[in-house]
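# Chains, contacts and geometry: an overview
The primary structure of each chain is shown beneath.
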Amino acid sequence: MGRIFGTDGVRGVAGRELTAQLAMELAMAAVPVLADRAGRPQRPGRPVAVIGRDSRASGDFLEAAVVAGLASAGVDVLRLGVIPTPGVAYLTGALQADFGVVLSASHNPAPDNGIKFFGPGGVKLPDETEDEIEALLRATPPDKTRVQDAAAEPVAFGRVTDAYSKHEVYLDHLLATLPVAADRRPPLQGLRVVVDCAHGAAYSIGPRALRRAGAEVIAIGAAPDGENINAGVGSTHLDAVAAAVAEHGADAGLAFDGDADRCLAVDADGAPLDGDQILTVLASQLKRSGQLAGDAVVVTVMSNLGFHDAMRDAGITVVQTPVGDKYVYAAMRDGGYVLGGEQSGHIIQMGHATTGDGVLTGLHLLAAVNSSGVPVSAAAKAMTRYPQVLINVRGDKVRAMADPALERAVSAAEVAVGTKGRVLLRPSGTEPAIRVMVEARESELAERVAAQLAEAVRLAMA
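In this text, all values refer to a predicted model and were calculated from it rather than measured experimentally.

About the cut-offs
- Residues numbered from 1 in each chain as written.
- Predicted model: local features only at pLDDT ≥ 70, side-chain atom pairs only at ≥ 80, totals over all residues.
- Heavy atoms only, no water.
- 1 Å grid on protein atoms, 1.4 Å probe; cavity = no way out; pocket = protein on both sides within 12 Å on 5 of 7 lines; lining within 4 Å.
- Points joined across faces, edges and corners; volume = space filled by probe spheres on them.
- Helix = DSSP H or I, 4+ residues; strand = E, 2+ residues; numbered from the N terminus.
- Nonpolar A, V, L, I, M, F, W, Y, C, P; charged D, E, K, R; others polar.
- Buried < 20%, exposed > 50% of the residue type's maximum accessible area, 1.4 Å probe, protein only.
- Contact = heavy atoms within 4.5 Å.
- Axes fitted to C-alpha atoms, helices over the stretch in contact; angles between N-to-C directions.
- Parallel < 35°, antiparallel > 145°, perpendicular 65-115°, else oblique.
- Expected span 1.5 Å × (residues − 1).
- Arc of directions from axis to C-beta.
- Polar contact = N/O pair within 3.5 Å; in protein donor to acceptor, adjacent residues only side chain to side chain.
- Phe/Tyr/Trp six-rings, centres within 6.5 Å; stacked < 30°, edge-to-face > 60°.
- Core = buried A, V, L, I, M, F, W, Y, C linked by side-chain atoms within 4.5 Å.
- Pairing = 2+ DSSP bridges.

### With respect to the layout of surface pockets
Empty space among the atoms becomes apparent when a probe as large as a water molecule is rolled across them. One number sums up the size of the second largest pocket: a volume of about 350 Å³. Lining the second largest pocket are 15 residues, with L286, Q291, Q349, H352 and H364 sitting closest to its centre. Mapped onto the lining of the second largest pocket, the elements with two or more residues apiece are α8 (275-288) and α11 (358-372). Split into classes, the residues belonging to the lining of the second largest pocket amount to seven nonpolar, eight polar and no charged.

Spelled out as structure tokens, the structure:
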């Protein structure tokens, strides 16, 4: 059995790979690791954890299992219900909880689910801490995961409390991050915006935040039924928000994923803006106002070459990390940077959040555009995107990556695109798949090389 933690927690098909038993045992294994990190000797009483989830039907039984594991290990649990992942991160810190737990599989389809943890202050766990939890999970006998061992006094069981009212604390925080105009007018006043909530965790908070910021809001993908999360809507299906923008004559559209830790956008003509373009807008504004620490922005290796060109022209340094917003956060923390993110729409604004926050990103993107008096389409043109082709090839990623023939295929692809292009091949951290990415100045070349490399991956998996 390989490492169960991927790039963003533990994921699998709910009830199959991700069972109630695994969820409960994983929660119990996390307690001695995460509660100890919070300085318990200086904090009287039982450890406290907050738990939130997205709108998947499987969230009910997995939440019950995690809560049972935590409470049986002596942890008081605050249940937040359906709330964006970054809301759990923020409230972990704001409520001074020892750690937070999220049940979500982000942009994955409804049958999947996942479990991830936030440490004190709402920070994603480093790999080393996840390894400690996993080691306890695998230990035998299972009761090694208890906070007190069998020879100690009886366990002081935790209490479980519904804390749905804390959603307002998170919502107030989002709005408080926005700049205040000299005339005190709402920052999004005058904008008509479509927001696609992916039938997910932001179905309520997303539209409410935009309306309170002054926008006229048309919400779609805001009727979750437990099975429709990400189904033809959200940040992985921008056609839905683009069509709604055209139908309602909106100025822009925002699209979140299932747990709302990412945001993508479309302009008034339905043209998409990815995370690189959103970062270009935000970084440029911060630099102009003297608020871009180190005149630098942190991104992953997936960022488009056009983004690097735009940042160079703006006098902004680009710091690169592996794929995964926790790696972006770590580089930002270590370097003292305030802005970073991923092409997929995970944008971290360090002064306001410890993780990607889709609603926060959407608010700040629209506020920046509205204050400048230019349409979203004009702001997006600050960056020219190189043609980029992404192909996911599902199969045995471990076997494929070990095949020497695949290494030769990558070398041949790099020669084909030349110095003005780029090739990236990486195993997915959340799925049994390999991601193939090819960039080139000409879309035909990018498509041809990507198709050839994807076929080489399939042969390596056979």
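What follows picks up the thread again.
### Concerning the environment of G100
Mapped onto the elements, G100 comes out in strand β4 (residues 99-103). By relative accessible area, which is 0% here, G100 ends up buried. Beyond its immediate stretch of four places on either side in the chain, G100 contacts V50, V88, T92, K116, F117 and F118.

### Description of the packing of α8 against helix α9 (residues 305-313)
Contact pair α8 / α9: the axes reach a minimum separation of 10 Å and the direction vectors enclose 10°. Here α9 runs roughly parallel to α8, going by the angle between their axes. In this structure, α8 contributes D276, L279, T280 and A283 to the contact, and α9 contributes F307, A310 and M311. Tallied by class, residues from the contact of α8 with α9 come to five nonpolar, one polar and one charged.

### Focus on helix α14 (residues 404-417)
Here α14 contains 14 residues, and its C-alpha end-to-end distance of 21 Å stays within 8% of the 20 Å for a straight helix at 1.5 Å per residue. Inspection of α14 places L406, V410, A413 and V417 among the buried residues, and these make up the whole buried set. Down the axis of α14, the smallest arc covering the buried residues is 60°, so these residues share one side. Those residues of α14 that are exposed and aimed more than 90 degrees away from the buried face are E407, R408 and V415. Looking at the buried positions of α14, the neighbouring elements they touch are α13 (397-401), β18 (422-427), β19 (433-439) and α15 (443-461). If you check the start of α14, you find a side-chain oxygen 2.9 Å away from the backbone N of A405, and it comes from D403. Where α14 terminates, the next one or two residues include G418, which has phi positive at roughly 75°.

### Focus: the packing of aromatic side chains
Considering all chains together, one arrives at one aromatic pair under this definition. Relative to Y170, the ring of Y90 lies with its centre 6.4 Å away and its plane at 40°, an arrangement referred to as tilted. Of this pair, Y90 sits in helix α3 (residues 85-94) while Y170 sits in helix α5 (residues 167-176), placing them 80 residues apart in sequence. Look at Y170 and you get buried, because its relative accessible area is 0%.

### Let's talk about the environment of A97
Note on placement: A97 falls in the loop between α3 and β4. A relative accessible area of 3% means that A97 is categorised as buried. The spacing of A97 and P47 is 50 residues in sequence and 7.6 Å in space, taken between C-alpha atoms.

### Details of α3
Of all ten residues in α3, seven are buried; the element is thus mostly enclosed. Those residues of α3 not exposed but buried are T85, P86, G87, V88, A89, L91 and T92. A positive phi of about 55° marks Q96, the residue just after α3.

### A word on the nonpolar core
Counting 62 residues, the largest nonpolar core has L188, L210, L254, F256, L339, L363 and L366 as its most contacted members. No other element matches α11, which puts eight residues into this core. Ignoring sequence-local partners within four residues, the contact set of L363 consists of L174, L178, L188, A209, L210 and A213. With 33 residues, the next largest nonpolar core counts A23, A35, L62 and A65 among its residues.

### Topic: empty space enclosed by the protein
Tallying each qualifying case throughout the model produces one cavity of 30 Å³ or more. The volume enclosed by the largest cavity comes to roughly 80 Å³. Surrounding the largest cavity, F5, T7, D8, G9, K116, F117, F118, K124, L125, E130 and K326 form its lining. It is strand β5 (residues 112-119) that contributes the most residues to the lining of the largest cavity, three residues altogether. A class-by-class count of the residues in the lining of the largest cavity yields four nonpolar, two polar and five charged.

### Some words on unusual backbone geometry
A positive phi angle, close to 50°, is found at H199, a residue other than glycine. Assignment of secondary structure puts H199 in the loop between β8 (192-196) and α6 (205-212). Overall, the relative accessible area of 15% leaves H199 in the buried class. Residues other than glycine seldom take positive phi values, yet A260 does so here, at roughly 60°. The residue A260 is located in the loop between β10 (252-256) and β11 (263-266) in this model.

### Things to note about the sheet that holds strand β13 (residues 296-300)
Whenever strands of a sheet pair, they do so through backbone hydrogen bonds, lying parallel or antiparallel. Here we have four strands laid out as an open sheet, ordered β14-β13-β15-β16, and mixed in their pairing. Only two strands of the sheet have a single neighbouring strand rather than two, namely β14 (317-321) and β16 (347-349). Averaged over all pairs of adjacent strands, the angle between their axes in this sheet comes to 20°, without regard to strand direction. Against the sheet, α8 contacts β13, β15 (339-341) and β16, and its axis sits at roughly 175° relative to β15.

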